[in-house]
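Residues per chain, in single letters:
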Amino acid sequence: MNILFLTTAHNSLSQRLLIELTERGHRISVTIADSEAAMLGAVAREDPDLIIAPMLKAVVPEEIWSKRVCLIVHPGIMGDRGPSSLDWAIMGGEKRWGVTVLQAAAEMDAGAIWASHEFPLPVVADAKGSLYRNEATDAAVKGVLEAVEKFESGRFRPIPLDYKRPEVRGRLRPTMTQKDRAIDWARDRTDDVVRKIRAADSAPGVLDTLFGLPVFLYGAHHEDRLKGSAGAVIAKRDGAVCRATVDGAVWVTHLKLKGDAHGVNCRFGENVCAFCDADFCPVAGIKLPATQILGPLLRGVPESVLPVVAEVDYRSFREIRYVERDGVGHIYSDFYNGAMSTEQCYRLRDAFLFARSRPTRVIVLHGGRDFFSNGIHLNVIEAAEDPALESWRNINAIDDVVHEILNTMSHVVVASMRGNAGAGGAILALAADKVFAREGVVLNPHYKGMGGLYGSEYWTYLLPRRVGAERARDLTEGCRPMGTTEAKSIGFVDEVYGGDVETFERHVAVQAAAIARRADFWSLLRDKHDKRVRDERVKPLAAYRAEELAKMKVNFFGPDLAYHRARENFVYKGRAQAKPAVHAAAREGMTAAM
């Protein structure tokens, strides 16, 4: 069939659905539904057999839904209605939730039902974004595939919404407001604080005040050991801050300075603010590590160090941890939204070097539950005093991580892709000897969408050796999402395992331990070493890196500002900013120094 997607953003769900439906022989066209005219124009142009709205904030025009079947993917159980479905489910501590595929009608979310699938929720659910990318996406895929099959049959008649039916447990809920989300630090228990922040993650965040600054809170983690006066910031770690509650504490990893709080950083007490000028405050409106927003206001707040090797039997926050089992060293790294700043790359590199020093045989790199990695940290770069210079530092730092993995001859290295991966993060996995991916993850191994960015991470070496030169060109030029079925068929990944994240981790652990026990293990290392030597003779790794960085240098410091404009558009979600020009003097100085 010819299927048209009307979506507010081509996000992880719409990409996953595109992959699944394309694999089943359907032709999919995607339209960003940012206006009624865009939707009407797309329908007239594509003349689709079926319309699907994977994620749509706008209202489908009556001219469309009254004449064609338009299926809405709603992240709620049958009968649930309203734009804050997952928010209310997490806040209310629902034990089960679901996704319903329903037909667009005059009333929002009140159309006839084509399919509905439910899933369990823990007592304190994961963050909304994580829930959306995992359980909700899996349920949505089941529901859409079921609905498409029913539509193709021509025999199914959707079931009208009827609240008298016992299985219809949902109800109409209003849009959740910041008043609903507000935290009372003098009364709310830790579970309640975590639940409120997670229900607002990744948008809109919970509006709060820290040191007099109006900020939105993101990235909540329980803390079971640290204590303090309720509401007080009692510790910091790896960019996060720990704030005491009435019965414990909670880590908040990211903040966003309220957009109308322009120039507030000047209150930090500096004689001259390092960031703000008369017209622009670069950290306002950008989600950033909490310590980057608060800066000097955290003077006197102790650093709570938790080494990556520390064994803990309590809940806390850390981005990287290391454990050993069955001759295997497991590195777990989980960076917010998969973005890796310069400092995070340094910490991951150091953790890898430690793992390499251990008397194990295999090292497994477990990326995040939601994202294996998405490459360099565009938000941190955007907020830097000189974004071009910070881009350069960041790409070199992630290149250093890849370089160490590629030059590991003492271990077999396994990449464990628990979550989606994009840009340099997808390429980083290919530095490993074996790449295992969880069924259903979405891969975007390309850079050009970011203002024609060339990319590094040794991709000109890693990608062709995995998939061949022609396919490498198609993947990087095509800028399209790839599913795990295709990824395995072309050699991008070695194995694909199904199940949830925990089940996938068990599969990877079993396979890694089996590699460590192989009778021919030392032959594996010898073959790996010999291949690296042969490749080095043909073309040194240093040459690949130099050539890639020469192109990146032009992207970052050259006269064409396409990358900088694309990055700004990405960070600010398309909202225009009255930004000063990129620091030309610093750029010229950096160029001269290289």
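See the structure shown above.
Residues numbered from 1 in each chain as written. Predicted model: local features only at pLDDT ≥ 70, side-chain atom pairs only at ≥ 80, totals over all residues. Heavy atoms only, no water.

1. A closer look at the overall build of the protein
Regarding its fold elements, the protein presents 20 helices and 21 strands. Compactness check: the protein gives a C-alpha radius of gyration of 25 Å against a globular reference of 25 Å for 594 residues, within 12% of the reference. Considering only C-alpha atoms, the protein reaches an extent of 70 × 55 × 50 Å along its principal axes. Expressed as a percentage of the 594 residues in the protein, the buried residues total 54%. Excluding contacts between residues fewer than 6 apart, the proportion of contacts in the protein whose partners are at least 24 apart in sequence is 71%. (Helix = DSSP H or I, 4+ residues; strand = E, 2+ residues; numbered from the N terminus. Rg over C-alpha atoms; globule rule 2.2 N^0.38 Å. Buried < 20%, exposed > 50% of the residue type's maximum accessible area, 1.4 Å probe, protein only. Contact = heavy atoms within 4.5 Å.)

2. Concerning the sheet that holds strand 18 (residues 420-422)
With respect to topology, three strands assemble into an open sheet ordered 16-18-20, the strand pairing being parallel. Strand pairing shows two members of the sheet lacking a second neighbour, strand 16 (371-373) and strand 20 (443-444), which therefore form its edges. Where strand 16 and strand 18 come together, two bridges link them in parallel fashion. Within strand 18, the residue paired with S373 across the bridge is A421. (Pairing = 2+ DSSP bridges.)

3. Overview of unusual backbone geometry
Here D201 and S202 are connected by a cis peptide whose omega angle stands at 15 degrees. Position of S202 among the secondary structure elements: in the loop between helix 7 (190-199) and strand 7 (206-210). At the junction of A203 and P204, the peptide bond is cis and its omega measures out at 5 degrees in the coordinates. Mapping P204 onto the fold places it in the loop between helix 7 and strand 7.

4. Notes on helix 17 (residues 521-538)
Note that an α-helix has 3.6 residues per turn; residues three or four places apart therefore point the same way. Compared with the 26 Å implied by 1.5 Å per residue over 18 residues, the 26 Å span of helix 17 between its first and last C-alpha is a close match. Residues of helix 17 that are buried include every one of F521, L525, K528, R532 and D535, and no others. On an axial view of helix 17, the arc spanned by its buried residues comes to 95 degrees, and they lie on one face. Seen from the open side of helix 17, the exposed residues pointing more than 90 degrees away from its buried face are W522, R537 and V538. Close packing links the buried residues of helix 17 with strand 15 (362-366), helix 11 (387-406), strand 17 (412-417), helix 13 (459-467), helix 16 (501-517) and helix 18 (541-557). (Expected span 1.5 Å × (residues − 1). Arc of directions from axis to C-beta.)

5. Points about the sheet that holds strand 5 (residues 96-103)
Hydrogen bonds between backbone groups are what pair the strands of a sheet, and the pairing can be parallel or antiparallel. Strand order in the open sheet formed by six strands is 2-1-3-4-5-6, with mixed pairing between adjacent strands. Two strands bound the open sheet, and with one partner strand each, they are strand 2 (27-32) and strand 6 (113-120). Geometrically, the sheet is characterised by an average inter-axis angle of 20 degrees between neighbouring strands, direction not taken into account. Note: strand 3 (residues 50-53) against strand 4 (residues 70-74), three bridges, orientation parallel. Within the sheet, the bridge partner assigned to A53 lies in strand 4 and is I72. (Axes fitted to C-alpha atoms, helices over the stretch in contact; angles between N-to-C directions.)

6. Looking at empty space enclosed by the protein
If you roll a probe as big as a water molecule over the atoms, it shows you where there is empty space left. Considering all chains together, one arrives at three cavities of 30 Å³ or more under this definition. For the largest cavity, the lining is made up of 15 residues, of which R16, R133, N420, R438 and G440 are closest to its centre. Elements that contribute at least two residues to the lining of the largest cavity include exactly helix 1 (12-23) and helix 5 (128-153). Sorting elements by how many residues they give to the lining of the largest cavity places helix 5 first, with four residues. In terms of residue class, the lining of the largest cavity is made up of two nonpolar, six polar and seven charged. Here the second largest cavity defines a volume of roughly 100 Å³. Every residue lining the second largest cavity is counted, 13 residues in all, and those nearest its centre are S333, L348, L365, F372 and L428. A class-by-class count of the residues in the lining of the second largest cavity yields nine nonpolar, four polar and no charged. (1 Å grid on protein atoms, 1.4 Å probe; cavity = no way out; pocket = protein on both sides within 12 Å on 5 of 7 lines; lining within 4 Å. Points joined across faces, edges and corners; volume = space filled by probe spheres on them. Nonpolar A, V, L, I, M, F, W, Y, C, P; charged D, E, K, R; others polar.)

7. Focus on the environment of E135
Structurally, the position occupied by E135 is in helix 5. Sequence-wise, E135 and S523 are 388 residues apart; in three dimensions their C-alpha atoms are separated by 41 Å. Apart from the residues within four sequence positions on either side, E135 is in contact with F119 and S130.

8. Some details on the side chain of T253
Along the polypeptide, T253 turns up in strand 11 (residues 249-257). For T253, the residues in contact, after removing those within four places along its chain, are Y218, G219, H221, G239, A240, L288, P289, A290, F317 and Y336.

9. Things to note about the packing of aromatic side chains
Taken as a whole and assessed by the stated rule, the structure comprises 13 aromatic pairs. The interplanar angle of 75 degrees and the centroid separation of 5.7 Å between the aromatic rings of F436 and Y497 together place this pair among those described as edge-to-face. Taken as a pair, F436 in strand 19 (residues 434-438) and Y497 in strand 21 (residues 495-497) lie far apart in primary sequence, 61 residues in all. Across the pair, Y497 and F436 agree in class, each one buried. Each member of the aromatic cluster is reached from another via a ring pair, and the members are W392, F556, F557 and Y563. Here the guanidinium or amino end of K573 rests over the ring plane of F570, the centre of that ring lying 5.8 Å away. (Phe/Tyr/Trp six-rings, centres within 6.5 Å; stacked < 30°, edge-to-face > 60°. Lys NZ or Arg CZ within 6 Å of the ring centre and 35° of its normal.)

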